[in-house]
Amino acid sequence: MHIVTCAAPVNIAIVKYWGKRDETLMLPLNSSLSVTLNPVQLRAKTTVAISREFDKSRMWLNSVEQNIDNPRLQNVFREIKQRAYRCHSEKNNCGNREDMLNWHIHICSENNFPTSAGLASSAAGYSCLVSALAYLFGVDGEISDIARLGSGSACRSMYGGFVEWDMGRCNDGSDSVARPVASNEHWPELRALILVVTDDNKKTKSTEGMQKSVNTSELLKTRVERIVPHRINEIKEAIRDKDFDRFAEITMKESNQLHAVCLDTFPPIEYLTEVSRRIMNLVHRFNKLCGRTKVAYTFDAGPNACLFLLEEDVPRVLSLIRHFFRPVNSCFESFIHGLPIEVPRV
Ligand code: PMV
């Protein structure tokens, strides 16, 4: 038996991916950019084991057995095996590993944060799985495009720091890959604060939401053609210059536009809740009171917020959150190197 265990962090989209031009290859309508959080607190951990003794392939997520025939999972397996054959035949070293490619596989994955609640659990999960499989089968080179086949945004979790997912131009998806833009160390004062509003599963999965938006939203077309390309360049400049005001403004506008597209979808999709909106209002009121942008919020396909701020403002913002939002469950906080996160529930 061969066993590999990997951990991978979630990434939080700054310039959002919403809409595909190819559903099977997971090719996006626009490029996107995210920040990968520190892998200690919000992470997926996956163990893959292969053995000639296994009589079938199986998978467990958070201890619950999943359907291994899931087409995305099958696409990932197929692609990684093809790459493995290619890598080994190029190196003339197929032997034992080629045999292994036909064995059944057992996958056991767990997240240490709410799954399917709009906190990029599938991104961390697929990025972790692909890293583990690549290690197991000896695949080297670009593999973010394999992670993309599992869940689009997963390709961005293959790197730390600020990461761009280039939409690519090729029909086969070979150039639709993630690329690091800057490391965590580039902007060590930047902090992320995750506010867990709910750990309920989201009502509309992002795949379904995207399909509906692509079919019905006029705003999505304008966003993809006229807005996102500029925002990608602008956010890269803001990151390069460590210009928090600019970074924060683009981050909030992007989040607002994603949710505007969801409302422009017919019938509309609502991911934000009353608590999410109260968080947004609090951030704007706080920034106004400070006379400058001190905090930015962003929401993916769910009501949970990610706040970006600078280290010096963390104590003040945390006490503000604790004042206005009663913690429902236990809170946990930690400061770790890179891009620390705090995870209070509100
Ligand atoms: O990769 P998916 O299918 O989980 O979609 C992610 C979509 C958003 O989180 C809303 C935006 C993004 O860029 O991650």
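I will try to describe carefully the structure that is included in this document. In every chain, residue numbers begin from 1 and rise along the written sequence. In view of the model being predicted, local features appear only for residues whose pLDDT reaches at least 70, and side-chain atom pairs are presented and counted only at 80 or more, with totals across whole chains, interfaces and linings using the full set of residues. Side-chain measures here rest on the full set of heavy atoms in the structure, leaving out hydrogens and waters.

## Remarks on the overall build of the protein
For helices the rule is a DSSP run of H or I covering at least 4 residues; for strands it is a run of E covering at least 2, with both sets numbered from the N terminus onward. Along the protein, the regular secondary structure elements total 9 helices and 16 strands. Partly exposed describes any residue whose relative accessible area lies between the buried limit of under 20% and the exposed limit of over 50%, with all areas from a 1.4 Å probe on protein chains only and scaled to the type maximum. For the protein, the residues scored as buried account for 55% of the 346 residues in total. In these tables, accessible area is a Shrake-Rupley quantity obtained with a 1.4 Å probe, and a residue counts as shielded only by the protein chains included in the view. With an accessible surface of roughly 15,400 Å², the protein has 50% of that area assigned to carbon and sulfur atoms.

## Some remarks on the nonpolar core
The criterion is simple. A nonpolar core is a set of buried Ala, Val, Leu, Ile, Met, Phe, Trp, Tyr and Cys residues joined through side-chain atoms within 4.5 Å. By size, the foremost hydrophobic cluster in this structure holds 87 residues, and its most contacted members are Val-48, Leu-133, Phe-137, Phe-247, Leu-307 and Phe-308. Of all the elements, helix 3 (residues 121-137) adds the most residues to this core, at 11 residues. What fixes the domain bounds is an automatic or database domain assignment. Each of domain 1 (2-184) and domain 2 (186-343) accounts for three or more of the residues forming this core. Setting aside residues no more than four positions away along its own chain, Phe-247 makes contact with Ile-14, Phe-162, Trp-187, Leu-190, Ile-235, Ala-238, Ile-239 and Phe-308. One finds Trp-18, Ala-178, Val-224 and Cys-262 within the second-largest nonpolar core, a separate group that totals 15 residues. Only heavy atoms matter for contacts: two residues are in contact if any of them lie within 4.5 Å across the pair.

## Details of the sheet that holds strand 9 (residues 104-111)
One requirement defines pairing of two strands: DSSP has to find at least two bridges between them. With mixed pairing, the 5 strands of this open sheet are ordered in space as 1-6-9-7-8. Each end of this open sheet is capped by a strand with a single partner; those strands are strand 1 (2-9) and strand 8 (64-66). The sheet shows a mean angle of 20° between the axes of neighbouring strands, taken without regard to direction. Bridge count for strand 7 (residues 58-61) against strand 8 is 3 bridges, and the pairing is antiparallel. When the sheet's bridge partners are listed, Leu-61 is paired in strand 8 with Val-64. The angle between two axes is taken between their N-to-C directions and runs from 0 to 180 degrees, where each axis is a line fitted to C-alpha atoms and a helix contributes only its stretch in contact.

## Topic: helix 1 (residues 71-91)
A rise of 1.5 Å per residue sets the reference length of helix 1, with its 21 residues, at 30 Å; its end C-alpha atoms lie 30 Å apart and thus fit the reference within 8%. N or O atoms closer than or at 3.5 Å make up a polar contact, with two conditions inside protein: a donor-capable atom paired with an acceptor-capable one, and, for residues adjacent in sequence, both atoms drawn from side chains. A distance of 2.8 Å separates the backbone nitrogen of Arg-72 from a side-chain oxygen at the start of helix 1, and that oxygen is part of Asn-70. How far a helix is expected to stretch is found by multiplying one less than its residue total by 1.5 Å.

## Observations concerning the site of the ligand
As a matter of local geometry, the ligand sits amid 14 residues, with Ala-13, Tyr-17, Ser-151, Ser-153 and Arg-156 nearest to it. One of the side-chain N or O atoms of Arg-156 is found 2.8 Å from an oxygen atom in the ligand. Ser-206 is positioned with one of its side-chain polar atoms (N or O) 3.4 Å from an oxygen atom of the ligand. Three categories are distinguished: nonpolar for Ala, Val, Leu, Ile, Met, Phe, Trp, Tyr, Cys and Pro, charged for Asp, Glu, Lys and Arg, and polar for the others, with Gly belonging to the last. Residue composition of the shell around the ligand, by class: 6 nonpolar, 5 polar and 3 charged. Of the domains in this structure, domain 1 (2-184) and domain 2 (186-343) are the two that each give at least three residues to the shell around the ligand. Proximity is defined per residue: if any heavy atom of the residue lies within 4 Å of a molecule or strand, that residue is considered near it.

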